[in-house]
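Chain and residue survey
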Amino acid sequence: MALTREQIAMRVARELQDGFYVNLGIGIPTLVANYVPSGMEVMLQSENGLLGMGPYPTEAQVDADMINAGKETVTAVTGAAIFSSAESFAMIRGGHVDLTVLGAFEVDVSGNIASYMIPGKLVKGMGGAMDLVAGAQNIVVTMTHADKHGNSKLLEQCTLPLTGVNCINKIVTDLAVIEIKDGAFHLIERAPGVSVEEIQQKTAGKLVVSGEVPEMAFD
Amino acid sequence: MAGFDKVVKTYEEAMAGLEDGMTVIAGGFGLCGIPEGLIAQIKNMGTKDLTFVSNNCGVDDFGLGILLAEKQIKKMISSYVGENAEFERQFLAGELEVELTPQGTLAEKMRAGGAGIPAFFTATGFGTPVAEGKETRQFNGRDYVLEESITGDFAIVRAWKADRYGNCIYRDTAMNFNPMAATAGKITVVEAEEIVEPGELKPTEIHTPGIYVNRVIQGSFEKRIERLTLRQ
């Protein structure tokens, strides 16, 4: 069965390490915060200028001056730091953020990503996505493997305007964990009950399958 | 005004000199940390053909969005826009120019502008539509795009506390783009939640030194919340 949004987030959470500074994008990436393994400490970075983002506030804690990059009201954890947007992107561009998780429309075998613009539709902008993909050393993309019409989002070459080039090396989809290297997708894990054939059929770009591909397990 | 006292009493004085066709750099992220009273004053003045440099363009009836109704904005330089219907209508009708700029590049353009740096190389946007027509160059085997910095005829800023000399501190994430905006205006106007006497703010805690600031006005703020999210 394909993974739920929560299961995708749970799988991404296994990429976390104790002491990581992490930037989570909007949507599924945000859910990763709910699955930080117990005993592990991570610090969430929000690109408007907050390192150490906490949970949403209670009604009594709501403060218009305390928001995240999605413009949602949030809190700060003990030990948080707040700074300007230039400082925030200095830590992103300078490669100081350990892990970035974000969504995408398309990813290709060269590690290119398209995530902000569909021609013909209103373009709202890239926000911080271009800075994040250009600055991070370690990026995980979360997305469904195919769109709702069944068209693969893992392509030989992206068709939409790019957010960044040669920057993505790992994708967690509802069907599989994929790594990108040497100009190909490499199948690392598959969702429970999803066959290698199905993944192959829904991956338009070159997919390398070597040996037995382990199935993900969830408690 | 005498010496370093930059406090003005009225919004008219605060925005005096703003003319049609000027460029205004505005602090704020979404509706957080925006200089509400200064935006309202620009609306009252009816100044037209303005270029705004701001991460966002507010919502229909709040923030920079209120300047759209009378078509006071000619161009927006922003990273994320279109959270208001009138913005969308004007953009699709070709009445409003939009220059989409990555958020970090936008912050750095303001910072560099205020620091006298005319342009800088960044990896952000290389190989994307943002880099079209721009010079690129390799450093240590990596590709970078040359981005030009931005200065404004005016910068409008919201501070938490400002002293009479224009030294400012910001509150929580309402800081966002405000410190960079403050450095990048030929005339920088600070709307503060509270004006204090020089010496009340600790010198080591000043976020924006008064040298960047030309005018300070006491504001009053609605502080509207764009997305109220609560713990379950």
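A brief look at the structure comes next.

**Brief notes about the pairing of strand β12 (residues 184–190) of chain A**
Residues and elements named next belong to chain A. Judged by how many residues are buried, β12 sits mostly within the fold: six of seven residues are covered. Pairing geometry for strand β11 (residues 176–181) and β12, over six bridges, is antiparallel. Its bridge partner being in β12, E179 is matched across the sheet by H186. Between β11 and β12, which pair antiparallel in sequence order, lie two residues; one of them, D182, sits at a positive phi of approximately 50 degrees. Pairing of β12 with strand β13 (residues 207–208), which is carried by two bridges, proceeds in the parallel orientation. Counterpart to H186 in the pairing with β13 is V208. Regarding topology, helix α5 (residues 196–201) serves as the crossover connection from β12 to the parallel β13, and that connection is right-handed.

**Notes on the pattern of salt bridges**
Going through the model one piece at a time under the given rule, you end up with 29 salt bridges over all chains. With a shortest N-O distance of 2.6 Å, R171 of chain B and D65 of chain A are connected by a salt bridge. Of this pair, R171 of chain B sits in the loop between β9 (168–169) and α5 (178–183) while D65 of chain A sits in the loop between β3 (50–53) and β4 (76–82), which puts the two residues in different chains. Of the residues examined, R171 of chain B reaches a relative accessible area of 23% and is grouped as partly exposed. E97 of chain B is the partner of K75 of chain B in a salt bridge, and the nearest nitrogen-oxygen pair spans 3.9 Å. Remark: E97 of chain B occurs in strand β4 (residues 97–100) and K75 of chain B occurs in strand β3 (residues 73–78); sequence separation between them is 22 residues. For E97 of chain B, a relative accessible area of 44% translates into the label partly exposed.

**Regarding helix α4 (residues 103–114) of chain B**
All names here are of chain B. A rise of 1.5 Å per residue sets the reference length of α4, with its 12 residues, at 16 Å; its end C-alpha atoms lie 17 Å apart and thus fit the reference within 8%. Burial of α4 is extensive: 10 of the 12 residues sit out of reach of the surface. Within the sequence span of α4, burial applies to Q103, G104, T105, L106, A107, E108, K109, M110, A112 and G113.

**Considerations on the environment of T100 of chain A**
All names here are of chain A. Relative to the assigned elements, T100 resides in strand β5 (residues 99–103). Exposure remark for T100: the relative accessible area of 2% places this residue in the buried category. Put simply, T100 and V22 are 78 residues apart on the chain and 5.8 Å apart in space, counted from C-alpha to C-alpha. When residues no more than four places from it in sequence are discounted, the contact partners of T100 are N23, L132, A136, N138, I139 and V140.

**Comments concerning the sheet that holds strand β6 (residues 136–139) of chain B**
Residues and elements named next belong to chain B. The strand order β5-β7-β6 describes an open sheet built from three strands, whose pairing is antiparallel. If you trace the sheet from one side to the other, it starts and ends with β5 (119–122) and β6, each paired once. If you compare each strand with its neighbour and ignore which way they point, the axes differ by 35 degrees on average. Two elements, β5 and strand β7 (residues 142–148), share four bridges in a ladder whose sense is antiparallel. From the neighbouring strand, F120 faces β7, where its bridge partner is E147. On top of the sheet, α4 reaches β5 and β7; it is set at about 150 degrees to β5, its chief contact.

**Re the interface of chain B and chain A**
Chain B puts 50 residues into the contact, and the matching count from chain A is 46 residues. Here chain B meets chain A over a buried area of about 3800 Å², counting both sides, of which 61% is carbon and sulfur. Counting the surface chain B buries against chain A, the share from its top three residues, T173, T229 and R231 of chain B, is 17%. Counting across the chain B and chain A interface gives five salt bridges. Measuring nitrogen to oxygen at the nearest pair gives 2.6 Å for the salt bridge that ties D65 of chain A to K223 of chain B. Of all elements in the fold, only α3 (85–92), α4, β5 and α5 of chain B reach the threshold of two or more residues within the side of chain B that touches chain A. For the side of chain B that touches chain A, the element with the most residues is α4 of chain B, which contributes five residues. Of the residues in the side of chain B that touches chain A, the class split is 22 nonpolar, 16 polar and 12 charged.

Definitions and limits used
Residues numbered from 1 in each chain as written. Chains lettered and ligands numbered in written order. Predicted model: local features only at pLDDT ≥ 70, side-chain atom pairs only at ≥ 80, totals over all residues. Heavy atoms only, no water. Buried < 20%, exposed > 50% of the residue type's maximum accessible area, 1.4 Å probe, protein only. Helix = DSSP H or I, 4+ residues; strand = E, 2+ residues; numbered from the N terminus. Pairing = 2+ DSSP bridges. Right-handed = clockwise from strand over helix to strand, strands pointing away. Salt bridge = Lys/Arg side-chain N within 4 Å of Asp/Glu carboxyl O. Expected span 1.5 Å × (residues − 1). Contact = heavy atoms within 4.5 Å. Axes fitted to C-alpha atoms, helices over the stretch in contact; angles between N-to-C directions. Buried area = accessible area lost by both parts, 1.4 Å probe. Nonpolar A, V, L, I, M, F, W, Y, C, P; charged D, E, K, R; others polar.

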